[in-house]
Amino acid sequence: MFEICIDPEKLSGLSWLTCYITTPKHLNLFYSVGTVLLLLLITAPTALLFGFGGAVMARSKILLIKIVGNAYISIVRGVPDIAFFLFFVIAIDQLLEWTRHKILCPEWSEPIRQGNDFVVCTAAKLPLSSSPQWIHEVYGFLLAVFTFAIVFGAFAANVLYGAMRAVPKAQIETAVSFGMTERKVFHRILIPQMWIFALPGLGNLWMILIKATPLLFLLGVEDVVYWARELGGTKTAKFTSYPHGDWRVWYFLGLLIFYLAFTRVSELIIDNLMKNLSRGSATLGGDLQRYVGR
Amino acid sequence: MSCLDIIADYGLRSIGLGERLLPRSDFTLCHQFTLIGSGMIWNIYFGTLALASGFILATLLALGKASKKIYLRKLSGWFIFVFRGSPLFIQFFFAYFLFLSLKQSFTFLSPLTSAWAGALFVLFCNTAAYSGEIFYGALQAIPKSDLEAADAYGLSGFSRFRRIVWPTMLRLAWPAYTNEAIFLFHATTLVFFSSFPAWQQRGDALYYANYFADKTFNPFIPYPILAGYFILLTLILIGLFGLANRKLNIHLPKDKHTKIKFRVRLIR
């Protein structure tokens, strides 16, 4: 990357390190930090959307929808999370291939489950075996994002459901007495008022989401954990111009610090946001601020 | 081969007793139930020991964080921050590689590179940090009147702590601590999925569930079995902690008993 890095043999100390961590392979590590951030950026709103849907369904007056919503919220609890991740990634993949198989190859007569195999016609394979490597990677990543969104959606639904119930009844009743329709009450009173009650739970969820990102590695995405293991392993002079011993412990120390900093910064931002949103709201936090005279 | 034979062969497979080879074909439901159940031994081992040992450290951490001495406060605060602020997954990896490199200079540390000791140590620190924070919160919430009453009775020092502060702290923290316990058991499934190797295919429940899902390419059987086992374990835990909760609140009138509300967080 830099001029001085052309001949690694002559380098030493800090300049060696600078050249070492800017090798093309290390850039993959830095890109994978981007992957993690991208995952968070896509998953957080998607999960919120899922959560919103789940919460609205759980509040529904129609019994069937109510049951579906409540089942979605409660089914994710009581079971280890990783089991869900491992399950959903295969299950969604098979669901997609099965659907495509039914549509694309209607004349196929053999059963799809043959003993221990899951066989679909070549046209139904996802992604197609002829497609380039990057499509395979993007597909794997999207499956992971979707899985994250389903699992975290259930938790967000739980938080939002609680928050909607925490909105003071008097406010809703006032709105109704002003002649607002149910829709209007929902849009103008319930939704704006709910956020302050939801924020602590959602903030907590965000922290958990950050801490869940290394699980991408289990789902087969080449993320930070993958590259830290890959780059940290012993390198002999035969294959690289930067030989070193087993440095995985240092790489994971780096990751540890990265995550600590990330959660700490998030915590500070959420606290700040909470303070701002509490202003003038009918909660303990809002009351405290009023007495202090802000 | 009847199901009883399979249970005899594989029931204790996860701790190395019984059949050496895992089944390779013709997986029956019985195989899956038996092996995944066998793996639960590890989950219970990790969970119970980490919880019991973590409890002691958690109490010390809570007292340290509430201490007047600044170095104790800083030390416990940082311990809690490090273990609560970073993913357990990364902690496992880091600890494993750390133990690997320490092993070279101190050979007596070599058990720490295998899961039964190394992963247990990480889980111990992790649950101590999470419970320590819970206990610290409870410690701050002890009613002033309780402490004033203790002072009025002339209690001080350790007897004041043992008779008043500690029981009240536990009472207040118990619902949250129950969740922490449930959650710790769920977290034990990460052990063999992080860096700690499963020696001779002796793994935990998730390890075997994953084995079956990989071999049969059918996730719809092993994972629900695993889920069933964990729901059962969770119910047992809630029952046990509920009993302890009753004992802690035995002096209160029946309707004042705090109900434990079951709420589980996700990944740590």
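Each value, and the rule that gives it
Throughout, residues of each chain are indexed from 1 in the direction in which the sequence is written. Chain letters start at A and ligand numbers start at 1, both assigned in the order the entries are written. This being a predicted model, a pLDDT of at least 70 is required before a residue's local features are given, and a value of 80 or more before pairs of side-chain atoms are given or counted; all residues contribute to the totals for chains, interfaces and linings. Calculation of side-chain values draws on the structure's entire complement of heavy atoms; hydrogens and water are dropped beforehand. Contacts: residue pairs with any heavy atoms within 4.5 Å of one another. Buried area: the accessible area, evaluated with a 1.4 Å probe, that two parts lose upon being put together, summed over both parts. By salt bridge we mean one thing: a side-chain nitrogen of Lys or Arg within 4 Å of a carboxyl oxygen of Asp or Glu. Throughout this description, a polar contact denotes any pair of N or O atoms lying within 3.5 Å of each other; where both atoms belong to protein, one of them has to be capable of donating a hydrogen while the other can accept it, and for residues adjacent in sequence the pair is counted only when both atoms sit in side chains. Here a strand is any run of E in DSSP of at least two residues, a helix any run of H or I of at least four, and the numbering for each starts at the N terminus. Asp, Glu, Lys and Arg are counted as charged, while Ala, Val, Leu, Ile, Met, Phe, Trp, Tyr, Cys and Pro are counted as nonpolar; the rest, among them Gly, fall into the polar class. What counts as a disulfide here is a pair of cysteine sulfur atoms lying within 2.5 Å. Throughout, exposure labels follow a simple rule: accessible area from a 1.4 Å probe, protein chains only, divided by the maximum for the residue type, with under 20% read as buried, over 50% as exposed, and the rest as partly exposed. On a range of 0 to 100, pLDDT expresses the predictor's confidence in each residue. As used here, the term nonpolar core means buried Ala, Val, Leu, Ile, Met, Phe, Trp, Tyr and Cys residues forming a set that is joined through side-chain atoms within 4.5 Å. Axis definition: a line fitted to C-alpha atoms, over the contacting stretch in the case of helices. Angles run 0 to 180 degrees between N-to-C directions. Roughly parallel refers to an angle under 35 degrees, roughly antiparallel to one over 145, roughly perpendicular to one between 65 and 115, and oblique to any angle outside these ranges. For any helix crossing, the convention is left-handed if the near helix is rotated counterclockwise from the far helix by under a right angle, and right-handed if that rotation is clockwise. Only the six-membered ring of Trp is used, alongside the rings of Phe and Tyr, when aromatic pairs are assigned; centres must lie within 6.5 Å, and planes under 30 degrees apart are stacked while those over 60 apart are edge-to-face, with the rest tilted. Geometrically, a charge over a ring is one whose NZ (Lys) or CZ (Arg) sits within 6 Å of the ring centre while staying within 35 degrees of the ring normal. Patch membership is restricted to residues that have no salt bridge and whose relative accessible area is over 30%. Joining uses 9 Å for like charges and 5 Å for the nonpolar side chains Val, Leu, Ile, Met, Phe, Trp and Tyr. Note on areas: Shrake-Rupley, 1.4 Å probe, and residue coverage restricted to the protein chains presented here. One less than the number of residues in a helix, times 1.5 Å, gives the span that helix is expected to have. Throughout, bend refers to the angle between the axes fitted to the seven residues that end at a position and the seven residues that start at it.

Peer 1: What am I meant to see in the interface of chain A and chain B here?
Peer 2: Interface size is often expressed as the accessible area that is lost when the parts come together. Taken together, the 39 residues of chain A in the interface contact 44 residues of chain B. Taken together, the two surfaces of chain A and chain B that pack against each other cover about 3,900 Å², and 77% of this comes from carbon and sulfur. For the interface between chain A and chain B, the tally reads zero salt bridges. One can count four residue pairs in polar contact (both at pLDDT 80 or more) joining chain A with chain B. Ranked by the residues each element gives to the side of chain A that touches chain B, the list is headed by helix H9 (residues 248–278) of chain A, at ten residues. Residue composition of the side of chain A that touches chain B, grouped by class: 27 nonpolar, four polar and eight charged.

Peer 1: How should the state of the cysteines be read in this particular structure?
Peer 2: Note on terminology: a disulfide is the covalent bond linking the sulfur atoms of two cysteines. Residues and elements named next belong to chain B. Inspection of every chain in the model, using the stated rule, returns one disulfide over all chains. Linked covalently through their sulfurs, Cys3 and Cys30 form a disulfide whose S-S length is 2.0 Å. The disulfide joining Cys3 to Cys30 has a torsion of about 85 degrees about its S-S bond and is therefore right-handed. Linking Cys3 in helix H1 (residues 3–10) with Cys30 in helix H2 (residues 29–65), this pair joins segments that are 27 residues apart in sequence. Since its relative accessible area comes to 39%, Cys3 is described here as partly exposed.

Peer 1: How should I be thinking about the confidence of the model for chain A in this particular structure?
Peer 2: Interpretation of this model should avoid reading the predicted coordinates in detail wherever pLDDT is low. When pLDDT is averaged across chain A, the result is 81; 88% of the residues are at 70 or more. Helix H10 (residues 284–292) of chain A is the least confidently modelled element of chain A, averaging 60 in pLDDT, while helix H6 (residues 169–177) of chain A averages 89, the highest of any element.

Peer 1: Hey, could you run me through unusual backbone geometry in this one?
Peer 2: In the Ramachandran plot, B:Phe217 falls in the positive-phi region, its phi being about 55 degrees despite a non-glycine side chain. Tracing the chain through its elements places B:Phe217 in the loop between helix H8 (205–216) and helix H9 (222–248).

Peer 1: How should I be thinking about the pattern of salt bridges in this particular structure?
Peer 2: A side chain of one charge can pair with a side chain of the opposite charge when the charged atoms of the two come close. Counting across every chain of the model gives four salt bridges over all chains. Notably, a salt bridge pairs A:Glu182 with A:Lys61, separated by 3.0 Å at the nearest N-O pair. Of this pair, A:Glu182 sits in helix H7 (residues 182–212) while A:Lys61 sits in the loop between helix H2 (24–59) and helix H3 (63–75), and the two are 121 residues apart along the sequence. Comparing A:Glu182 with A:Lys61 shows no difference in burial state: the two are exposed. Taking the shortest distance from any N to any O, the salt bridge between B:Arg160 and B:Asp151 comes out at 3.2 Å. Relative accessible area serves as the criterion here: at 24%, B:Arg160 is assigned to the partly exposed category. Judged by relative accessible area, B:Asp151 falls into the partly exposed class, the value being 44%.

Peer 1: Explain the nonpolar core here, please?
Peer 2: Burial of nonpolar side chains together is a common tendency in soluble globular proteins. Ranked by internal contacts, the top residues of the largest apolar core, which has 146 residues, are A:Phe148 and B:Phe135. Top element by residues in this core is helix H5 (residues 133–166) of chain A. It accounts for 18 residues. Within the second largest apolar cluster, six residues are counted, among which are A:Cys105, A:Phe118, A:Val120 and A:Ala124.

Peer 1: Explain the packing of H2(B) against helix H3 (residues 70–85) of chain B to me, please; I cannot follow it from the model alone.
Peer 2: The relative placement of two packed helices comes down to the angle between their axes together with the axis-to-axis distance. Residues and elements named next belong to chain B. Where H2 meets H3, the axes come as close as 7 Å, and the angle between the chain directions of the two elements is 130 degrees. Classified by the angle between their axes, H2 and H3 sit oblique to one another. Between H2 and H3 lies a crossing whose hand is left-handed. Contacts between H2 and H3 involve Leu57, Leu61, Gly64 and Lys65 on the former and, on the latter, Leu72, Arg73, Ser76, Phe79 and Ile80.

Peer 1: Is there a simple way to think about the side chain of B:Gln91 in this case?
Peer 2: Topologically, B:Gln91 is positioned in helix H4 (residues 88–105). Overall, the relative accessible area of 5% leaves B:Gln91 in the buried class.

Peer 1: I keep staring at the packing of H7(A) against H9(A) and nothing clicks. Help me out?
Peer 2: All names here are of chain A. H9 packs onto H7 with a crossing angle of 170 degrees between their chain directions and a minimal axis gap of 10 Å. Between H7 and H9, the interaxial angle falls into the category roughly antiparallel. Along its contact with H7, which presents Ile196, Leu199, Pro200, Gly203, Trp206, Met207, Ile210 and Lys211, the element H9 presents Tyr259, Phe262, Thr263, Ser266, Glu267, Ile270, Leu273, Met274, Leu277 and Ser278. The class makeup of the residues in the contact of H7 with H9 is twelve nonpolar, four polar and two charged.

Peer 1: Help me understand the packing of aromatic side chains, please; the structure alone is not making it clear to me.
Peer 2: Geometrically, a pair of aromatic rings is defined through the distance of the ring centres and the angle of the planes. Under the definition given, this model contains 43 aromatic pairs over all chains. When the centroid spacing of 4.7 Å and the interplanar angle of 5 degrees are considered together, the rings of A:Phe252 and B:Phe93 count as stacked. On the criterion of chain membership, the pair formed by A:Phe252 in helix H9 and B:Phe93 in helix H4 is interchain, its members lying in two chains. With relative accessibility at 0%, the residue A:Phe252 sits in the buried group. An aromatic cluster is built from A:Phe217, A:Phe252, B:Phe89, B:Phe92, B:Phe93, B:Tyr96, B:Phe97 and B:Phe196, whose rings are joined through pairwise contacts. B:Lys65 extends its terminal NZ or CZ atom over the ring of B:Tyr136, reaching a point 4.7 Å from the ring centre.

Peer 1: Sorry if this is basic, but what is going on with a nonpolar patch on the surface here?
Peer 2: A surface patch of nonpolar side chains, about 440 Å² in accessible area, is lined by A:Met57, A:Ile62, A:Leu64, A:Ile65 and A:Val68. Here the element with the most residues in the nonpolar patch is H3(A); it accounts for three residues.

Peer 1: Is there a simple way to think about the side chain of A:His101 in this case?
Peer 2: Residue and element names in this part refer to chain A. One can find His101 in helix H4 (residues 81–104). Residue classification places His101 among the buried positions, given a relative accessible area of 3%. If sequence neighbours within four positions are ignored, His101 has contacts with Pro106, Trp108, Ile112, Val120, Cys121 and Ala124.

Peer 1: What is the right way to read H5(A) from this model?
Peer 2: One turn of the α-helix equals 3.6 residues, which is why residues spaced by three or four share an orientation. Between its first and last C-alpha atoms H5(A) spans 49 Å; for 34 residues at 1.5 Å apiece the expected length is 50 Å, and the two agree. At A:Gly153, H5(A) shows its strongest bend, of approximately 25 degrees.

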